[in-house]
Amino acid sequence: MKYISTRGQTDRKSFSEILLMGLAPDGGLMLPEAYPAVSETMLDQWRGLSYRELAFEIIRLFATDIPEADLRRIIDRTYTEEAFGSADITPVRTLKDGIKIQALSNGPTLAFKDMAMQFLGNAFEYVLNKENKQLNILGATSGDTGSAAEYALRGKKGVNVFMLSPEGKMSAFQRAQMFSLQDENIVNIAVKGMFDDCQDIVKSVQNDHAFKEKYHIGTVNSINWGRIVAQVAYYFAGYFRATDNNRQEVSFCVPSGNFGNVCAGHIAKQMGLPIRRLIVATNENDVLDQFFKTGEYRPRTTEQTYVTSSPSMDISKASNFERFVFDLMARDSDEINALWAEVGAGKGFSLAHKLPEIREKYGFVSGRSLHQDRLATIRQVYETDGELIDPHTADGVKVAREVREDGEIIVCLETALAAKFDATIREAVGDVAIPRPAKLNGLEDLPQRVQVVPNNADIVKSIIREKLD
Ligand SMILES: *Cc1c(COP(=O)(O)O)cnc(C)c1O
């Protein structure tokens, strides 16, 4: 299988070649020339598989240049009961009102990003080792992404991680998660500034091409294809757990920000998994809800982005959205270049004439959930089902209930655990004990490793130099 760019100006590449890549050189996103088709026979054979076996069957359709035995080893090492808390890896449960919840957040950092990052960490190590290469990840985080990357890459050969975060802006839990890592190849840097300042430093280092080249600087962000592909697997797993046979259809409801998670659902549907609808749930930052309701895509600036109680969805430019629009526009790169020229000019675009196709052929619908909805949903699920769901998952449950049709099976993706967001949980249900996986007890008391630096790219560069020279 070969990969092409949505912008049409990049040579065809193999899976291994794009694994370490962020944006394509032409500014687009990489994706397969064609999605592999899944037949009824394949679905029948896959229904009884374990998560690991299933992930292997799916990922091998995309990673065709990695020998199967090697790929199997990477996957077997990734999706273990030890890392994800159960043999099922992503168990599905049913709330009293019939809405199903697929647990994607029982990995090391208690958010769904582990599902992809843990795979990517092992795949990176494999490819780097094979090609005798080194990679130094420089990233900026306000919480979930940075910790997922660090837990995926800790102790890996050939990789160092330099992670910037805004000093004092993350929760005590998030700080403890990242800064307690004692691995030599993890470097935490707290910047005296905001998240945007951290991102500006990353951009500034990236733009120093000589430095970037010399120190093999790369990134891991949500546009990375390896992450999307690993996510496709859990849509299949969720489908099999939520149904008895392959004639049934399932709708997935996905708490969304960068459109990375639901993009994998779109691909699973294109491959032939019987998905009825893909329900995009947003918070107050509702750019995607607006698009799926009106066909207008109007990305906003950082200043126009609300800080909410489902913070991992506080995004106003959905970086993976371009992959879906590429399919919607019959894979015409000229169209994509024209549409994203409008985005670049701060205007956005309208595809209102495509709404019937977006709904009927692609199955997309959407809804949004606000702070009070989130609290009410957390409270209601707690009272009825006796369990605590996290604020992002609550946004999904709220929207799923709103759009559910008679007889429709809806699986809501659980994107984080309540333990990560105790302040909002307490606001919703009062001072209750919030369950936390035993392995994280005492996390905040562990010694922490972090360097605090002024908001200055040169100082960050000198830390990188010192470590690598
Ligand atoms: C990242 C994240 C999301 C949003 O996922 P996207 O792939 O960016 O749409 C939702 N919930 C949680 C908890 C997350 O960490």
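Residues numbered from 1 in each chain as written. Predicted model: local features only at pLDDT ≥ 70, side-chain atom pairs only at ≥ 80, totals over all residues. Heavy atoms only, no water.

As annotated in an unreviewed UniProt entry, the protein chain is Threonine synthase from Kingella denitrificans ATCC 33394. Note on the protein chain: under the UniProt heading Sequence similarities (unreviewed entry), the record states "Belongs to the threonine synthase family." Of the comments in the UniProt record for the protein chain, the one headed Cofactor (unreviewed entry) reads "pyridoxal 5'-phosphate". (UniProt positions renumbered as here; feature names shortened; annotations may be inferred.)

*Asks:* Would you mind going over the UniProt feature "domain: Threonine synthase N-terminal" (unreviewed entry) in the protein chain in detail, with residue names and values included?
*Replies:* Here, UniProt's "domain: Threonine synthase N-terminal" (unreviewed entry) annotation points to residues 2-79. Regarding residues 2-79, the helix share stands at 45% and the strand share at 8%, and the terminal C-alpha atoms are separated by 26 Å. (Helix = DSSP H or I, 4+ residues; strand = E, 2+ residues; numbered from the N terminus.)

*Asks:* A description of the packing of aromatic side chains should follow, citing residues and the corresponding values.
*Replies:* According to the stated counting rule, one finds 27 aromatic pairs in the structure shown. With a centroid separation of 6.3 Å and 55° between ring planes, the pair formed by Tyr3 and Phe15 is classed as tilted. Within this pair, whereas Tyr3 is found in strand S1 (residues 3-5), its partner Phe15 is found in helix H1 (residues 15-19), the two being separated by twelve residues in sequence. Tyr3 sits in the buried class, given a relative accessible area of 0%. Ring centres 5.4 Å apart and planes at 90° place the aromatic pair Phe259 and Phe321 in the edge-to-face group. Remark: Phe321 occurs in helix H14 (residues 321-328) and Phe259 occurs in the loop between strand S9 (250-255) and helix H12 (260-271); sequence separation between them is 62 residues. In this structure, Phe259 and Phe321 share a single accessibility class: buried. Taken together through their ring pairs, the aromatic side chains of Phe259, Phe291, Phe292, Tyr297, Phe321, Phe324, Trp340, Phe349, Tyr362 and Phe364 make up a single cluster. Here the guanidinium or amino end of Arg72 rests over the ring plane of Phe56, the centre of that ring lying 4.0 Å away. (Phe/Tyr/Trp six-rings, centres within 6.5 Å; stacked < 30°, edge-to-face > 60°. Buried < 20%, exposed > 50% of the residue type's maximum accessible area, 1.4 Å probe, protein only. Lys NZ or Arg CZ within 6 Å of the ring centre and 35° of its normal.)

*Asks:* Can you lay out helix H9 (residues 195-207) for me, pointing to particular residues and giving the numbers?
*Replies:* Between the first and last C-alpha of H9 there are 19 Å, a value that for 13 residues agrees with the 18 Å anticipated at 1.5 Å per step. Taken as a whole, H9 has its buried residues at Cys198, Ile201, Val202, Val205 and Gln206. Summarising the axial view, the buried residues of H9 lie within an arc of 135°, below the 170-degree limit, and thus occupy one face. Set apart from the buried face of H9 by more than 90 degrees, the exposed residues are Lys203 and Asn207. Each element contacted by the buried residues of H9 is listed here: strand S5 (135-140), strand S6 (159-166), strand S7 (186-191), helix H10 (209-214), strand S8 (217-218) and helix H20 (457-468). (Expected span 1.5 Å × (residues − 1). Arc of directions from axis to C-beta. Contact = heavy atoms within 4.5 Å.)

*Asks:* Pulling in residues and values, what's your account of the site of the ligand?
*Replies:* Taken together, the neighbourhood of the ligand is formed by 15 residues, with Lys113, Asp144, Gly257, Asn258 and Asn261 sitting nearest. In the environment of the ligand, an oxygen atom lies 2.7 Å from a nitrogen or oxygen atom belonging to the backbone of Asn258. Between the ligand and Asn261 there is a distance of 2.9 Å, counted from an oxygen atom to a backbone nitrogen or oxygen. In isolation the ligand has 380 Å² of accessible area, and contact with the protein removes 97% of it. (Near = heavy atom within 4 Å. Polar contact = N/O pair within 3.5 Å; in protein donor to acceptor, adjacent residues only side chain to side chain. Areas by Shrake-Rupley, 256 points an atom, 1.4 Å probe, with all protein chains shown as cover.)

*Asks:* Would you mind going over the packing of helix H11 (residues 225-242) against H12 in detail, with residue names and values included?
*Replies:* Axes are the key here: two packed helices are described by the angle between their axes and the distance separating the axes. Packing of H11 against H12 leaves a shortest axis separation of 8 Å and a crossing angle of 60°. The way H11 lies across H12 gives a crossing that is right-handed. Each of Trp225, Ile228, Gln231, Val232, Tyr234, Tyr235 and Phe236 in H11 lies in contact with H12, whose residues at this interface are Gly260, Asn261, Val262, Cys263, Ala264, Gly265, Ile267, Ala268 and Met271. In terms of residue class, the contact of H11 with H12 is made up of twelve nonpolar, four polar and no charged. (Axes fitted to C-alpha atoms, helices over the stretch in contact; angles between N-to-C directions. Left-handed = near helix turned anticlockwise from the far one by under 90°. Nonpolar A, V, L, I, M, F, W, Y, C, P; charged D, E, K, R; others polar.)

*Asks:* How would you explain the environment of Gly146 if you had to name every residue and give the values?
*Replies:* Position of Gly146 among the secondary structure elements: in helix H7 (residues 144-153). The exposure class assigned to Gly146 is buried, which follows from its relative accessible area of 1%. Sequence separation between Gly146 and Phe324 is 178 residues, and the spatial gap between their C-alpha atoms is 25 Å. Not counting chain neighbours up to four residues away, the residues in contact with Gly146 comprise Thr141, Met163 and Met178.

*Asks:* Can you lay out the UniProt feature "modified residue: N6-(pyridoxal phosphate)lysine" (unreviewed entry) in the protein chain for me, pointing to particular residues and giving the numbers?
*Replies:* Sites flagged by UniProt as "modified residue: N6-(pyridoxal phosphate)lysine" (unreviewed entry) map to Lys113. As for its placement among the helices and strands, Lys113 is situated in helix H6 (residues 113-130). Its relative accessible area of 13% is what places Lys113 among the buried residues. Beyond its immediate stretch of four places on either side in the chain, Lys113 contacts Asp144, Thr145, Ala148 and Arg227.

*Asks:* I'd like a rundown of the side chain of Thr282, residues and numbers included.
*Replies:* Summarising the element assignment, Thr282 is placed in strand S10 (residues 275-282). Assessed through its relative accessible area of 1%, Thr282 is described here as buried.

*Asks:* For the pairing of S5, give the residues involved together with the corresponding values.
*Replies:* Across the six residues that make up S5, a large majority, five, are buried. Two elements, S5 and S6, share six bridges in a ladder whose sense is parallel. Residue pairing in the sheet places Gly139 in a bridge with Met163 of S6. Where S5 meets S8, two bridges bridge the pair, whose relative direction is parallel. Looking across to S8, one finds that Asn136 is bridged to Ile217. (Pairing = 2+ DSSP bridges.)

*Asks:* Break down the nonpolar core for me, with residues and values.
*Replies:* In this structure, Phe236, Phe259, Phe321 and Phe324 are the most contacted members of the largest nonpolar core, which totals 109 residues. With 13 residues, the single largest contributor to this core is H11. Filtering out sequence-adjacent residues up to four positions away, Phe259 remains in contact with Val280, Leu288, Phe292, Ala318, Asn320, Phe321, Phe324 and Phe364. Of all hydrophobic cores here, the second largest spans 32 residues; its members include Val381, Ala394, Cys412 and Ala428. (Core = buried A, V, L, I, M, F, W, Y, C linked by side-chain atoms within 4.5 Å.)

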